[in-house]
Amino acid sequence: MLGEEIRKARLKAGKTQEQLAHEAGVSRQYVSLLELNQKSPTIDVLLRICRAMDVSAGRMLLKIEKTS
């Protein structure tokens, strides 16, 4: 779900988990937990992660809505 979309966007942006974490102001472990769907981000964190990857949070959520 959301974690899978974050991972896809991160890979498309050519970033490692560590790079994304640094740019979004979270830990690499947190990014890993998000990608594994073991944690859910707050809206603030989701927006920071999406900005770091130059991705629209709205579009990411729409992709998830369409597949659910």
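All of the points below concern the structure found in this document. (Residues numbered from 1 in each chain as written. Predicted model: local features only at pLDDT ≥ 70, side-chain atom pairs only at ≥ 80, totals over all residues. Heavy atoms only, no water.)

### Examining the overall build of the protein chain
- For the protein chain, the helix and strand inventory stands at 5 helices and 0 strands.
- Ordered by position in the sequence, the α and β elements of the protein chain form the string α-α-α-α-α.
- The C-alpha atoms of the protein chain give a radius of gyration of 11 Å, which matches the 11 Å a tight globule of 68 residues would have.
- Seen through its C-alpha atoms, the protein chain measures out along the principal axes to roughly 30 × 25 × 20 Å.
- In the protein chain, once contacts between residues fewer than 6 apart in sequence are set aside, the share between residues at least 24 apart is 54%.
- Here the protein chain has roughly 4,600 Å² of accessible surface; of this, 51% comes from carbon and sulfur atoms.
- Each charge sign in the protein chain was given a centre, from 12 positive and 8 negative side chains, and these centres are 2 Å apart. (Helix = DSSP H or I, 4+ residues; strand = E, 2+ residues; numbered from the N terminus. Rg over C-alpha atoms; globule rule 2.2 N^0.38 Å. Contact = heavy atoms within 4.5 Å. Areas by Shrake-Rupley, 256 points an atom, 1.4 Å probe, with all protein chains shown as cover. Lys, Arg positive; Asp, Glu negative; His and termini not counted. Charge placed at Lys NZ, Arg CZ, Asp CG, Glu CD.)

### Quick notes on the packing of helix 4 (residues 43-53) against helix 5 (residues 57-67)
- In the contact formed by helix 4 and helix 5, the axes pass within 9 Å of each other and the chain directions differ by 105°. By the angle between their directions, the pair helix 4 and helix 5 is classed as roughly perpendicular. Each of Leu46, Leu47, Cys50 and Met53 in helix 4 lies in contact with helix 5, whose residues at this interface are Ala57, Met60 and Leu61.
- Tallied by class, the residues present in the contact of helix 4 with helix 5 amount to 7 nonpolar, no polar and no charged. (Axes fitted to C-alpha atoms, helices over the stretch in contact; angles between N-to-C directions. Parallel < 35°, antiparallel > 145°, perpendicular 65-115°, else oblique. Nonpolar A, V, L, I, M, F, W, Y, C, P; charged D, E, K, R; others polar.)

### Quick notes on the pattern of salt bridges
- What the rule picks out here adds up to 4 salt bridges.
- Among the salt bridges present, the one from Glu5 reaches Lys8, with a minimum N-O distance of 3.5 Å. Taken as a pair, Glu5 and Lys8 lie in helix 1 (residues 2-12) at a separation of 3 residues, close to a single helical turn.
- Taking the shortest distance from any N to any O, the salt bridge between Asp44 and Arg48 comes out at 3.2 Å. Residue Asp44 and its partner Arg48 are both found in helix 4; the two are separated by 4 residues, about one turn of the helix. (Salt bridge = Lys/Arg side-chain N within 4 Å of Asp/Glu carboxyl O.)

### Here's the deal with the environment of Met53
- Relative to the elements of secondary structure, Met53 occurs in helix 4.
- Looking at Met53, the relative accessible area reads 6%, which means it is buried.
- For the pair Met53 and Leu11, spaced 42 residues apart in the sequence, the C-alpha separation amounts to 9.4 Å.
- Residue contacts for Met53: discarding those within four places in its chain leaves Ile6, Ala9, Arg10, Ala13, Lys15, Leu20 and Met60. (Buried < 20%, exposed > 50% of the residue type's maximum accessible area, 1.4 Å probe, protein only.)

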